[in-house]
Amino acid sequence: MSAPSSIMAENGLDLGLLKRLIKKYGNNVYTMYVEYPHKSFWSNAFDDTAFRMALEKLFANDKQIPLMLYTHIPFCPKQCFFCTCYSVVTKNYEAVKQYMRSLFGEIDLLCAFFQQRGITPNFTEIHLGGGSPTYLNESEFDLLIEKLELLVDIKRLKEFTIEVDPRAVTKEKLKYYHQKGLSRISLGVQDFDLDVQKAVNRVQPPGLIEALLTPEIRKYFTSGINFDIPCGLPRQTRASFKKTIDKLIELSPDRTCVIYVNYALDLKAHQRLINQSMVPDFYERSVLFHDAAVNLLNNGYERIGFDHFAKKADSLAKAMREKSLHWNGLGYRAGKFLDIIGIGASSASRMTEYYYSQNFYEIENYEAAIANNKFPVYRGYKLDGDIIIRRDVIHRLRSYFCLDFADIEKAFNIDFNEYFKEERFWIDELAKDGIIELSGRGIIITEMGKYFTFLVCRIFDKLNRIKIG
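The rules behind these values
Residues numbered from 1 in each chain as written. Predicted model: local features only at pLDDT ≥ 70, side-chain atom pairs only at ≥ 80, totals over all residues. Heavy atoms only, no water. Salt bridge = Lys/Arg side-chain N within 4 Å of Asp/Glu carboxyl O. Helix = DSSP H or I, 4+ residues; strand = E, 2+ residues; numbered from the N terminus. Buried < 20%, exposed > 50% of the residue type's maximum accessible area, 1.4 Å probe, protein only. Core = buried A, V, L, I, M, F, W, Y, C linked by side-chain atoms within 4.5 Å. Contact = heavy atoms within 4.5 Å.

1. Focus on the pattern of salt bridges
Then step 1. A full pass over the atoms with the stated rule returns 34 salt bridges.
Then step 2. Put simply, Arg-117 and Glu-56 hold a salt bridge, and the shortest N to O gap is 2.6 Å. Taken together, the residues span a long stretch of sequence, with Arg-117 in the loop between helix H3 (93-116) and strand S4 (122-130) and Glu-56 in helix H2 (residues 48-58) at a distance of 61 residues.
Then step 3. Classification of Arg-117 as partly exposed rests on a relative accessible area of 26%.
Then step 4. On the basis of relative accessibility, which here comes to 38%, the residue Glu-56 falls in the partly exposed class.

Pasting the structure below:
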């Protein structure tokens, strides 16, 4: 699938140069940096014992440190072909109930850990993700809330979010979530074009979402409403994607994420069900993203880091202006927390600036660990000082498209040019290509360079260096 040859420079973007740079740097532009280091570098030696040690360190200096609790419900009734999340497609609800019993067991393990140490954790946010947490019947959801209340005072939460499959809810169900304390809903919109929806096995007419988001429903979710819009789905064209973004603007969510689809055909067998000839390549995705960004920015949204957009009054937009954004696997956050405790299969945690961990993906392994009274840890990573410096550099570039060397020098007591002398070749090379500008003692990612933000980040990734040819 190729973009029309008539495409030329638009809104300051030189599409010919964009294509040449993509050809030069190839797959180097795809690394997303959900965490740094990437999970592929985490160690399987990080186990229940290491997780408990990391938890101890998390509360060593401040038992009231603000935290997020992430809860993963992996089940879906139907497979979306593009999906990159860990999910289990089943119509066997007994399997769901069995999983929930194990999830409750993991909550009990955490409760016991905290009670033994006299800790009342200060969870300020909860995020229910999946899969499809809306797959749960109200009876299981009621039990989930009861169990979460052993860890969290839900009435004092600053934000309580649930990822919503619009096909699985009604206005009455959304009211029910509000009654249970949910304050934000994140809708998996994906795309409003019917041909695109059919190509990814997820048909949901625009009227379905429009009917859900009545003024009454909107007022229930005081923290806001999010839309997820993948960029790079099969059959997406400039014309069709413009209609999708136009519809999004009409429906007026508080935030949206226009995220590049990551195809990992060797790991995600269901993605191979997509006809790859219909999938926009990276150049075409960049053009789609460019069109969407211009449209959103012209209609009251501000760009938040690489791929998020928010209305000007939203807390994310304020955090962007104040340079106080946080980043984790759920996207950009405006909260005061940095640390996350994840529960459920595949969920990830960050405990202090030094520790990452992730639970087992396979439900059998997850459930077996819980049955043995062990935290179901699959892998983890202990960061050293060098990795922490590099993570901070990558975060600043990913979030703000610029880097002040003096800020890094002050934060870590280093001489930037000396510390990163091995990276100098690529800094100069990307400057020659117009991807970055060197301004005094700093880096600014250019408008063209924003499409190569992860390439710029990769300069500082010592575990996964840029490779050409």
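2. Considering the nonpolar core
Then step 1. Within the largest apolar cluster, 141 residues are counted, with the highest numbers of intra-cluster contacts made by Leu-18, Phe-227 and Phe-452.
Then step 2. Sort the elements by how many residues they give to this core and H3 lands first, with twelve residues.
Then step 3. When neighbours within four sequence positions are excluded, Leu-18 is seen to be in contact with Leu-13, Tyr-283, Ser-286, Val-287, Met-448, Tyr-451 and Phe-452.
Then step 4. Grouped together as the second largest cluster of nonpolar side chains are eleven residues, Val-196, Val-261, Tyr-263 and Ile-274 included.

3. A short note on unusual backbone geometry
Then step 1. For the bond from Tyr-36 to Pro-37, the omega torsion is 5°, close enough to zero to count as cis.
Then step 2. Its place among the elements puts Pro-37 in the loop between helix H1 (15-25) and H2.
Then step 3. Of the consecutive residues Gly-130 and Gly-131, the connecting peptide bond is found in the cis state with omega at 20°.
Then step 4. In this structure, Gly-131 sits in the loop between S4 and helix H4 (138-148).
Then step 5. Unlike most non-glycine residues, Arg-235 shows phi in positive territory, near 75°.
Then step 6. Residue placement: Arg-235 occurs in the loop between strand S7 (224-231) and helix H9 (238-251).
Then step 7. Positive phi, close to 55°, is recorded for Asn-413, a residue that is not glycine.
Then step 8. Of note, Asn-413 is situated in the loop between helix H14 (405-412) and helix H15 (416-419).

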